[in-house]
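A structural walkthrough
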Amino acid sequence: MFNQTAVRVRAGTKTDRGGNTIPDWSNPNRLTVSGLNIQPNAQSEKVDEQRDATITGYRVQSAEGTAPDIKASDRIEWNGQTFEVEGEVASWPDLFTDATHHIEFAMVRATG
């Protein structure tokens, strides 16, 4: 059930002209994460005068006893496509200890 692998992509940082620290996607940090269960979560289409947009979403769960380093600001490369983490990453506690049982998050990709 937890036999899928994805790549977590995290932006570096740089300083803009105003002295603010901002994300820098030109040289991101990549981490291969295995032991995942990735399942379809949502699909929708939005049609208007400007474009036809398709949004595809997946629910991702890590294997028991794992807590991969994934944040809401990350991107996920999986199945030849790049997704954005949608919302916060939920850390589920183990019932009998203070350790993390697993994490869950949603990822989405918009096209069109």
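Refer to the structure above for everything that follows.
Residues numbered from 1 in each chain as written. Predicted model: local features only at pLDDT ≥ 70, side-chain atom pairs only at ≥ 80, totals over all residues. Heavy atoms only, no water.

1. Overview of a negative patch on the surface
There is a patch of like negative charges on the surface, built from Glu-45, Asp-48, Glu-49 and Asp-52. Relative to the helices and strands, Glu-49 resides in the loop between strand 2 (21–47) and strand 3 (52–62). (Patch = residues over 30% accessible without salt bridge, like charges linked within 9 Å, V, L, I, M, F, W, Y side chains within 5 Å. Areas by Shrake-Rupley, 256 points an atom, 1.4 Å probe, with all protein chains shown as cover. Salt bridge = Lys/Arg side-chain N within 4 Å of Asp/Glu carboxyl O. Lys, Arg positive; Asp, Glu negative; His and termini not counted. Charge placed at Lys NZ, Arg CZ, Asp CG, Glu CD. Helix = DSSP H or I, 4+ residues; strand = E, 2+ residues; numbered from the N terminus.)

2. Topic: the environment of Tyr-58
Relative to the assigned elements, Tyr-58 resides in strand 3. Setting aside residues no more than four positions away along its own chain, Tyr-58 makes contact with Ile-38, Gln-39, Pro-40, Asn-41, Trp-78, Phe-83, Phe-105, Ala-106 and Met-107. (Contact = heavy atoms within 4.5 Å.)

3. Observations regarding the side chain of Asn-37
Here Asn-37 shows up in strand 2. Given the relative accessible area of 8%, Asn-37 is considered buried. Here Gln-39 takes part through its side chain, which lies 2.7 Å from a polar atom of the side chain of Asn-37. If sequence neighbours within four positions are ignored, Asn-37 has contacts with Met-1, Phe-2, Gln-4, Arg-59, Val-60 and Gln-61. (Buried < 20%, exposed > 50% of the residue type's maximum accessible area, 1.4 Å probe, protein only. Polar contact = N/O pair within 3.5 Å; in protein donor to acceptor, adjacent residues only side chain to side chain.)

4. So, the nonpolar core
Counting residues in hydrophobic clusters, the biggest one holds 14 residues, and the most contacted among them are Ile-38, Ile-76, Trp-78, Phe-105 and Met-107. Of all the elements in the fold, those that place two or more residues in this core are strand 2, strand 3, strand 4 (75–78), strand 5 (81–93) and strand 6 (100–111). In contact with Ile-38, not counting residues within four places along its chain, are Gln-4, Ala-6, Tyr-58, Arg-59, Val-60, Trp-78 and Met-107. (Core = buried A, V, L, I, M, F, W, Y, C linked by side-chain atoms within 4.5 Å.)

5. A short note on the pairing of strand 3
One ladder, built from 11 bridges, connects strand 2 with strand 3; its direction is antiparallel. The partner of Val-47 across the bridge, within strand 3, is Asp-52. Joining the antiparallel neighbours strand 2 and strand 3 is a turn of 4 residues. Direction of pairing for strand 3 relative to strand 6: antiparallel, over a ladder of 8 bridges. Its bridge partner lying in strand 6, Gln-61 is registered against Glu-104. (Pairing = 2+ DSSP bridges.)

6. With respect to the pairing of strand 4
Of the two faces of strand 4, the one lined by Ile-76 and Trp-78 is fully buried and the one lined by Arg-75 and Glu-77 carries no buried residue. For strand 1 (residues 4–15) and strand 4, the ladder comprises 3 bridges, and the chain directions are antiparallel. In the strand pairing of strand 4, Val-7 is matched with Glu-77. With 4 bridges connecting them, strand 4 and strand 5 associate as antiparallel partners. Looking across to strand 5, one finds that Trp-78 is bridged to Gln-81. From the end of strand 4 to the start of strand 5, which pair antiparallel, there are 2 residues, and Asn-79 there has a positive phi angle of about 55°.

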